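Chain by chain, the residues:
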Amino acid sequence: MKPELSLIILLVFNYLSCIGQQELPKDLDLEGLKGLPKQIVETSEVKPSNRLTKEIYYFDKQGFLTKIEHYNVYHKDEDSLSLGDVTFYTNPVKNSRFSITVRNQSNDTIRLKDYNLINDSLININIVEYKNSFNTIVWQKLDRENRIIKTTTRITDTLNKVVKVNSETEFIYIEDNLNELIITNDKTNGSSKSVMVKNEKKDKFGNFVYRELIDEDKTIVYIVKREYIYH
């Protein structure tokens, strides 16, 4: 074998080995979170409907999600939320992991997610829904700090082979702060809509505890509150 060919084969082998050794980024890094939270209680209010949702995120000491509790069942008479679904995460194995979402009372499977790291700046998520015939593919683009800076989502009706949703969201950071979301989807007719992060408050670690998302008409469309418990 020629020396030049041997060198090329060695370089290719080393490159493929490096790819194989890449590991999924920590979930804390994807959001740019600091410190080491073990639990986050997040309450969201959608305007103008004032619809509320609550989710509780659980993290291990390595910074990976282990579970999310989705409080998405609203009781009008009591004006309160109760636990509807729970998502469980497997431990990452190098560049992949899975999650399963089940209904709280019945343990019926709602969806499965398959996460795969394509390269050091791209994650692919394949989502299978069990309550309908939809299949969702999400691409997450990361910056050098492993923060998500762009998501692309395509939802397909597998029965009719019709694409139901195409959407794209860019996350604009200024230094360590999320400043703006640029959204493009079918509802915007292919044009970009901007949502700004305003009136943000942070805890001592620099993680937000309150933020408002304001559209181009200066209208509040989303309010998010968080409480943190740290390891």
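Residues numbered from 1 in each chain as written. Predicted model: local features only at pLDDT ≥ 70, side-chain atom pairs only at ≥ 80, totals over all residues. Heavy atoms only, no water.

Enquirer: Please explain the pattern of salt bridges as it appears in this structure.
Expert: It is possible for side chains of opposite charge to pair when their charged atoms get near one another. All chains considered together, the criterion is met by 12 salt bridges. Close ionic contact of Arg-226 with Glu-31 constitutes a salt bridge, the shortest N to O distance being 2.9 Å. Of this pair, Arg-226 sits in strand S16 (residues 220-230) while Glu-31 sits in the loop between helix H2 (27-30) and strand S1 (37-46), and the two are 195 residues apart along the sequence. One connected set of salt bridges, linked through shared partners, spans Glu-31, Glu-42 and Arg-226. (Salt bridge = Lys/Arg side-chain N within 4 Å of Asp/Glu carboxyl O. Helix = DSSP H or I, 4+ residues; strand = E, 2+ residues; numbered from the N terminus.)

Enquirer: Looking at this structure, how should I read the confidence of the model for the protein chain?
Expert: Reading predicted coordinates in detail is not appropriate for stretches of low pLDDT. When pLDDT is averaged along the protein chain, the result is 88, and 89% of the positions lie at 70 or above. Ignoring residues within four places in sequence, the model shows residues 1-20, a span with pLDDT below 50, making four contacts including any to other chains. (pLDDT = per-residue confidence, 0-100. Contact = heavy atoms within 4.5 Å.)

Enquirer: Before we go on, may I ask you to explain the pairing of strand S8 (residues 109-119) in this structure?
Expert: Note: strand S7 (residues 96-103) against S8, seven bridges, orientation antiparallel. Its bridge partner being in S8, Ser-96 is matched across the sheet by Asn-116. In textbook terms, the turn of a hairpin is the stretch between consecutive antiparallel strands, and for S7 and S8 this stretch comprises five residues, one of which, Asn-107, has a positive phi near 65°. In terms of strand pairing, S8 meets strand S9 (residues 122-129) through eight bridges, oriented antiparallel. Bridge pairing links Arg-111 to Glu-129 in S9. Here S8 folds back onto S9, and the loop between the two strands holds two residues. (Pairing = 2+ DSSP bridges.)

Enquirer: Got a minute to help me understand the packing of aromatic side chains in this structure?
Expert: Here the distance between the centres and the angle between the planes together describe a pair of aromatic rings. This structure, assessed with the given rule, holds three aromatic pairs. With centroids separated by 6.3 Å and ring planes inclined at 45°, the aromatic side chains of Tyr-89 and Tyr-115 adopt a geometry described as tilted. Separated by 26 residues along the polypeptide, Tyr-89 in strand S6 (residues 85-89) and Tyr-115 in strand S8 bring together distant segments of the chain. Each member of the pair, Tyr-89 as well as Tyr-115, carries the same accessibility label: buried. Summarising the aromatic geometry, the rings of Tyr-228 and Tyr-230 are spaced 5.9 Å apart at their centres and angled 15° between planes, so their arrangement reads as stacked. One aromatic cluster is present, formed by Phe-205, Tyr-228 and Tyr-230 through successive ring pairs. Here Lys-67 stacks its cationic end above the ring of Tyr-58, 4.7 Å away from the centre of that ring. Of note, Arg-211 hangs over the ring of Phe-208, and the distance from its end group to the ring centre comes to 3.7 Å. (Phe/Tyr/Trp six-rings, centres within 6.5 Å; stacked < 30°, edge-to-face > 60°. Buried < 20%, exposed > 50% of the residue type's maximum accessible area, 1.4 Å probe, protein only. Lys NZ or Arg CZ within 6 Å of the ring centre and 35° of its normal.)

Enquirer: How do you make sense of the nonpolar core when you look at a structure like this?
Expert: In globular proteins that are soluble, nonpolar side chains generally tend to be buried together. Among the nonpolar cores identified, the biggest contains 22 residues, and Ile-40, Tyr-57, Phe-59, Leu-65, Ile-123, Ile-125 and Tyr-228 are the most heavily contacted of them. Of all the secondary structure elements, the ones that give two or more residues to this core are H2, strand S2 (51-59), strand S3 (65-71), S8, S9, strand S10 (134-142) and S16. Discounting residues that sit within four places of it in the chain, Ile-40 has contacts with Leu-33, Glu-55, Ile-56, Tyr-57, Phe-59, Arg-226, Glu-227 and Tyr-228. (Core = buried A, V, L, I, M, F, W, Y, C linked by side-chain atoms within 4.5 Å.)

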